[in-house]
Amino acid sequence: MRTVELVIVGGGPAGLCAAKLALEAGLEVVIIDRADKLGGQLIKQTHKFFGSKAQYAKMRGIDIAKLLINEIENHQNLEIFTSTTVVGLYPDLVLTIYDQKKYQKIKAKRVIIATGASEKVLAFENSDLPGIYGAGAVQTLMNLYGVLPGKEVLMVGSGNIGLIVTYQLLQAGVKVKAILEAGSTIGGYKVHAAKIRRLGIPIITNTTVSKALGTSKIEAVEIVKLDENWNKISGSEEIIKTDALCLSVGLSPLHQLLSMVGAQVKYISELGGFVARVNDNFESTVKGVYVAGDAVGIEEASAAMMEGYLSGLHVADSLNKPHPEQENLLKYYQDELELLRKGPFGLKTKIGIEKLKVGESNA
Amino acid sequence: MLNKTGIPTKSQTLSRFPQENILIKPKAVIECFEDIPCNPCETACPFGAITIGPNINIQPQLDFDKCTGCTLCVSSCPGLAIFVVQIKGDQALFKIPYEFLPKPQKGEIWDGVNRKGEVICDALIEGVRETNKMDHTAIVTARVPKEFLHDFITVRERK
């Protein structure tokens, strides 16, 4: 069985950034991604990114993916496994991987889990009718394959993903009937909300979908008002005709490999679900297993990139191969990460990280 | 209201406009009403007219004296929250970001739309500019009656 210095699970923004600095530090790196190309969710993001220069602000996500991939893909110390799933991670840092033909084992000196997140779903009557999508699927169909999810879409959820996917649907010529938001205020950035509202798309707060109607596919949706405690207000139901429903109701960190390897994980609602406890160096409670990006708490891709860079630096240092600019870069990316969390949208993450530090509760 | 509907209030909108006499020359109007971590407008401005500072969550401050209305910030704003406007007689000349197809053509009349998405006036298209640096965020120049100075926000193809 071959041994490599660093295996990165997940080639999205966190994994790519971790790889870049680890390679610069002279490490031998393997990136494993289950998709057929690197880039993670960035490759579907056609909008310009927020942040500052350190996070490639004002570049479109697809172009950030190209840039990050270009920086590393021909590096002699890098091996990339695409269309490959990590199916097992064990405390001796052996990974079992499956590339749809054969199983293999790789032993790593260090592992960075940068698996990202999965979409949350919503339970309602007929939620399995064709035409009901997660926002990620809508982006994949539309932005990767050029396939429209429907002629008309009702969006559920007004976080940044719901708002951005609405904008992308409108750009693709799809009619968006409305955005429903169960909470009392819009979840995402108000600049996104404003640019959708000026296109005539209503954003309806305190409202959710109660059932989907249709026989072989979705034909309409029953929506209902919610009170302040998110209880349905009976009699407020309304039927909206639509041939597609898009759910954008949040993300959960993909913690499964961390749970499998025996890392302590804890349910932190502010971070999106079960996350591994990590120290200040992004190392989990299993020595040698690090975590970066949405896998350790849901945030924007900009934060995932900063965590990727930082975890790459910490791993290099732990193998006594610090990056030539180790101290400067650590400080730079740490400061950038803190800046991203300094505003009101970062508050939730900061509370979540504090909660993660206290208590020993295990899952 | 903004955080329930996506529509800024009239007073929020007015707070980002300069006095009308300043708009004899083109000036940027920055409708960024929330502390989000973002500063491309500041770094795009070659005249130092936009200040956010080291904490990138602070909302941008625009110095109208330094602003030349060059529009570099307009296509740099990921939130499409900036436009440039100038008053010319009884008309207001807007330069707005636009990311849809088809793009308007010079000389066409499109619908002028307000922040609620309602059609409020005719918008005469005076030009469409798109360079590589603008990265697919075109800038449409549209002329509308001056009375819509504080209401007009974008254009829509007339059906």
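It should be emphasised that the depicted structure is a prediction, and the values quoted were computed from it without experimental measurement.

### Regarding the overall build of chain A
Okay, so step 1: For chain A, the count of helices and strands is nine helices and 19 strands.
Okay, so step 2: Taking 2.2 N^0.38 as the reference for a compact globule, 363 residues should give roughly 21 Å; the C-alpha atoms of chain A span a radius of gyration of 21 Å, in line with that estimate.
Okay, so step 3: Long-range contacts, defined here as pairs at least 24 residues apart, represent 64% of the contacts in chain A between residues at least 6 apart.

### Comments concerning helix 2 (residues 61-72) of chain A
Since the α-helix packs 3.6 residues into each turn, any two residues three or four apart lie on the same face.
Residues and elements named next belong to chain A.
Okay, so step 1: When the terminal C-alpha atoms of helix 2 are compared, their 17 Å separation across 12 residues agrees well with the 16 Å that a helix rising 1.5 Å per residue should span.
Okay, so step 2: Within helix 2, burial applies to Gly 61, Ile 64, Ala 65, Leu 68 and Ile 72. Projected onto a plane normal to the axis of helix 2, the buried residues spread over an arc of 100 degrees and lie on a single side.
Okay, so step 3: Where helix 2 is buried, its residues touch helix 1 (13-24), strand 3 (78-81) and helix 7 (301-318).

### Structural notes on the sheet that holds strand 9 (residues 152-156) of chain B
Residues and elements named next belong to chain B.
Okay, so step 1: One open sheet holds the seven strands; their spatial order is 1-4-5-8-7-6-9, and the pairing between them is antiparallel. The strands lining the two open edges of the sheet, one partner per strand, are strand 1 (27-30) and strand 9. For this sheet, the mean inter-axis angle between neighbouring strands, taken without regard to orientation, is 40 degrees.
Okay, so step 2: The pairing of strand 5 (residues 91-98) with strand 8 (residues 138-145) spans eight bridges and is antiparallel. Bridge assignment links Ile 96 to a residue of strand 8, and that residue is Val 140.

### Considering the confidence of the model for chain B
Okay, so step 1: Confidence in the prediction of chain B, expressed as mean pLDDT, is 97, and 100% of residues score 70 or more.
Okay, so step 2: In the predicted complex, the global pTM is 0.96; the interface-specific ipTM is 0.97.

### Topic: the nonpolar core
Residue and element names in this part refer to chain A.
Okay, so step 1: The biggest cluster of nonpolar side chains holds 156 residues, and the ones touching the most others in it are Ala 18, Ala 22, Ile 113, Leu 245 and Cys 246.
Okay, so step 2: In terms of residue count, the dominant contributor to this core is helix 7 (10 residues).
Okay, so step 3: Two domains each provide a minimum of three residues to this core, namely domain 1 (3-118 + 251-357) and domain 2 (121-247).
Okay, so step 4: Setting aside anything within four residues of it in sequence, one finds Ile 113 in contact with Val 9, Leu 257, Leu 258, Val 289, Tyr 290, Val 291 and Ala 295.

### So, the environment of Lys 120 of chain A
All names here are of chain A.
Okay, so step 1: With respect to the secondary-structure elements, Lys 120 resides in the loop between strand 7 (117-119) and strand 8 (132-134).
Okay, so step 2: For Lys 120, a count of 16 C-beta atoms within 10 Å translates into the label partly exposed.
Okay, so step 3: Distance from Lys 120 to Lys 66, taken between C-alpha atoms, is 28 Å for residues 54 residues apart in sequence.
Okay, so step 4: Apart from the residues within four sequence positions on either side, Lys 120 is in contact with Val 249, Gly 250, Leu 251 and Ser 252.

### Re the sheet that holds strand 12 (residues 207-213) of chain A
Residue and element names in this part refer to chain A.
Okay, so step 1: Spatially, 12-13-14 is the arrangement adopted by the three strands of the open sheet, whose pairing is antiparallel. Because the sheet does not close on itself, it has two edges, and the strands there are strand 12 and strand 14 (238-241). When strand polarity is set aside, the average angle formed by the axes of neighbouring strands in this sheet is 35 degrees.
Okay, so step 2: Where strand 12 meets strand 13 (residues 220-225), six bridges bridge the pair, whose relative direction is antiparallel. Within the sheet, the bridge partner assigned to Leu 213 lies in strand 13 and is Ala 220.

### Side note on the interface of chain B and chain A
Okay, so step 1: Facing the 35 residues of chain B at the interface are 34 residues of chain A.
Okay, so step 2: Mapped by element, the contributors of at least two residues to the side of chain B that touches chain A are helix 1 (2-5), helix 3 (40-44) and strand 9 of chain B.
Okay, so step 3: Per element, the largest residue contribution to the side of chain B that touches chain A is four residues, and it comes from helix 1 of chain B.

### Some points on the packing of helix 1 of chain A against helix 2 of chain A
Residues and elements named next belong to chain A.
Okay, so step 1: As a packed pair, helix 1 and helix 2 sit with axes 9 Å apart at the nearest point and diverge in direction by 30 degrees. Comparing their axes, helix 2 and helix 1 come out roughly parallel. For the element pair helix 1 and helix 2, the recorded crossing hand is left-handed. When helix 1 is examined against helix 2, the residues Leu 16, Cys 17, Ala 19, Lys 20 and Leu 23 are found in contact with a partner set consisting of Leu 68, Ile 69, Glu 71 and Ile 72.

### Comments concerning the domain arrangement of chain A
Residues and elements named next belong to chain A.
Okay, so step 1: Here chain A is described as being made up of domain 1 (3-118 + 251-357) and domain 2 (121-247).
Okay, so step 2: Distance from the C-alpha centre of domain 1 to the C-alpha centre of domain 2: 30 Å.
Okay, so step 3: Residues of the side of domain 1 that touches domain 2, tallied by class, amount to one nonpolar, two polar and one charged.

### What to know about unusual backbone geometry
Okay, so step 1: In the segment running from Leu 101 of chain B into Pro 102 of chain B, the intervening peptide bond is cis, with an omega of -5 degrees.
Okay, so step 2: Positive phi, close to 65 degrees, is recorded for Asn 126 of chain A, a residue that is not glycine.
Okay, so step 3: As for its placement among the helices and strands, Asn 126 of chain A is situated in the loop between strand 7 and strand 8.
Okay, so step 4: Its 15 C-beta neighbours within 10 Å are what place Asn 126 of chain A among the partly exposed residues.
Okay, so step 5: Of note in this structure, Asp 135 of chain B is not a glycine but carries a positive phi near 50 degrees.
Okay, so step 6: Here Asp 135 of chain B shows up in the loop between strand 7 (119-129) and strand 8.

### Overview of the pairing of strand 18 (residues 273-276) of chain A
Residues and elements named next belong to chain A.
Okay, so step 1: Both strand 17 (residues 265-268) and strand 18 contribute to a ladder of four bridges, which runs antiparallel. Bridging across to strand 18, Ile 268 finds its partner in Gly 273.
Okay, so step 2: As consecutive antiparallel partners, strand 17 and strand 18 are separated by four residues, and within that stretch Gly 272 has a phi angle of approximately 105 degrees, a positive value.

### Thoughts on the packing of helix 7 of chain A against helix 8 (residues 326-340) of chain A
All names here are of chain A.
Okay, so step 1: Where helix 7 contacts helix 8, the two axes come as close as 9 Å, and the packing angle between them is 150 degrees. Considered as vectors, helix 7 and helix 8 are oriented roughly antiparallel to each other. Crossing of helix 7 against helix 8: the hand is left-handed. In contact with Ser 302, Ala 303, Met 306, Glu 307, Tyr 309, Leu 310, Leu 313 and Asp 317 of helix 7, helix 8 contributes Gln 326, Leu 329, Leu 330, Tyr 333, Gln 334, Glu 336, Leu 337 and Leu 340.
Okay, so step 2: Of the residues that constitute the contact of helix 7 with helix 8, the class distribution is 10 nonpolar, three polar and three charged.

Rules used throughout
- Residues numbered from 1 in each chain as written.
- Chains lettered and ligands numbered in written order.
- Predicted model: local features only at pLDDT ≥ 70, side-chain atom pairs only at ≥ 80, totals over all residues.
- Helix = DSSP H or I, 4+ residues; strand = E, 2+ residues; numbered from the N terminus.
- Rg over C-alpha atoms; globule rule 2.2 N^0.38 Å.
- Contact = placed C-beta atoms within 7 Å.
- Expected span 1.5 Å × (residues − 1).
- Buried ≥ 20, exposed ≤ 12 C-beta atoms within 10 Å, placed from the backbone.
- Arc of directions from axis to C-beta.
- Pairing = 2+ DSSP bridges.
- Axes fitted to C-alpha atoms, helices over the stretch in contact; angles between N-to-C directions.
- pLDDT = per-residue confidence, 0-100.
- Core = buried A, V, L, I, M, F, W, Y, C linked by C-beta atoms within 7 Å.
- Domains from an automatic or database assignment.
- Parallel < 35°, antiparallel > 145°, perpendicular 65-115°, else oblique.
- Left-handed = near helix turned anticlockwise from the far one by under 90°.
- Nonpolar A, V, L, I, M, F, W, Y, C, P; charged D, E, K, R; others polar.

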